[in-house]
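Inside the fold
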Amino acid sequence: MRKFAIGAAVSGALALSALVVPSASAATPDLTFSNVVVNNGKAIVVGTTSTVKVPITYTLTHPVGLVIDNKTGIAGIALYRGSSLSKMQNEMESDDIPNCTTTSTTVTNSCTEVIAIEPQDYFFGASDAGTWKVAGFYGLSTSTTDDSGDHISVNYGYDMWGGLGTAQIKRAAKLTTDATPEPVRKGKTLTVKGVLTRADWETSKYSGYTGQPVALQFKAKGATAYKTVKTVTSGSKGALTTTVKASADGSYRYSFAGTTTTGAATATGDYVDVK
């Protein structure tokens, strides 16, 4: 474990951090983060309980004399939400040390690390869904704990550089589909119901997502792909309901494309036998 709680340290000090990220340099030539890629360039979709592991790759260049031993000196990537580093509203970083391989004599390292997102620990509400920013940091900690002379000391310093790009964090969504009656006579009316819900990080449960366009799709028996039949808008508590004429054996399902704050979801198909 090596987390330095950089975000809290930055906020405290200033009060008295998909998605292919462009190369960027730190404010000083002593430390440079570049080629940062968060979650393989994809949005980060998080539910209510399961840990989501977000891989990050980057290049880190630093002078030979800079201490990065992951004991007294550490460097890594952080994700943060807020208009700037000084107005950070939320932040996360990896609990484990990066895996870096030196690629040249100028101390250029190819690094990988993983941020393990536990929604109960990192997210406090709907505002945490959306665009987060990417930062690089360096922290240095030294201490003397020999108190034989009634004296101990702890020194801590940090540097943090924003502007390394952005990462999109989304609330996970769920969908259900239920077509009735089953079986049904050809030409008769089928009622297809479902529910669209998404993660609520305040309650750690899924709640209805209203007013969203959801595609009703059908795959005939023997076919290899679903085709969209119509679009239905989710109502109260995310409820979906519509009717279609039964024409052939096959499966119906609802499919949601997602939004900027909510991930996509597709229900399991419900097979209907048409007599």
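Everything that follows concerns the structure shown earlier in this document.
Residues numbered from 1 in each chain as written. Predicted model: local features only at pLDDT ≥ 70, side-chain atom pairs only at ≥ 80, totals over all residues. Heavy atoms only, no water.

On to the overall build of the protein chain. When helices and strands are counted, the protein chain shows two helices and 20 strands. Scored against the burial criterion, the 275 residues of the protein chain give a buried share of 42%. For the protein chain, the exposed surface amounts to about 13,800 Å²; the carbon and sulfur share of it is 51%. (Helix = DSSP H or I, 4+ residues; strand = E, 2+ residues; numbered from the N terminus. Buried < 20%, exposed > 50% of the residue type's maximum accessible area, 1.4 Å probe, protein only. Areas by Shrake-Rupley, 256 points an atom, 1.4 Å probe, with all protein chains shown as cover.)

It is worth spelling out the packing of aromatic side chains at this point. Under the counting rule described, the total for this entry stands at seven aromatic pairs. Here the aromatic rings of phenylalanine 123 and tryptophan 132 are separated by 6.0 Å at their centres, their planes lie at 70°, and the arrangement is edge-to-face. Each member of the pair, phenylalanine 123 as well as tryptophan 132, carries the same accessibility label: buried. A centroid spacing of 5.9 Å and a plane angle of 85° characterise the contact between tyrosine 209 and phenylalanine 256, whose relative ring orientation is edge-to-face. In this pair, tyrosine 209 is assigned in the loop between strand E14 (205-208) and strand E15 (213-220) and phenylalanine 256 in strand E18 (residues 250-256), connecting sequence segments 47 residues apart. A residue is classified by how much of its surface remains accessible, and phenylalanine 256, at 3% relative accessible area, is buried. In this structure an aromatic cluster arises from ring pairing among Phe33, Tyr58 and Trp161. Sitting over the ring of tyrosine 209, arginine 198 keeps its end group 3.7 Å from the ring centre. (Phe/Tyr/Trp six-rings, centres within 6.5 Å; stacked < 30°, edge-to-face > 60°. Lys NZ or Arg CZ within 6 Å of the ring centre and 35° of its normal.)

Applying the stated criterion to the full structure yields two salt bridges. Here aspartate 273 ties to lysine 275 by a salt bridge, and the two come within 3.0 Å at their closest N and O atoms. Of the residues examined, aspartate 273 reaches a relative accessible area of 27% and is grouped as partly exposed. (Salt bridge = Lys/Arg side-chain N within 4 Å of Asp/Glu carboxyl O.)

Turning our attention to unusual backbone geometry. A cis amide bond links threonine 180 to the next residue, proline 181, at an omega of 0°. Note on placement: proline 181 falls in the loop between strand E12 (178-180) and strand E13 (189-200). Unusually for a residue other than glycine, asparagine 40 sits at a positive phi of about 55°. Residue classification places asparagine 40 among the exposed residues on the basis of a relative accessible area of 59%.

Purely geometric stuff here, so don't read any function into it on its own.
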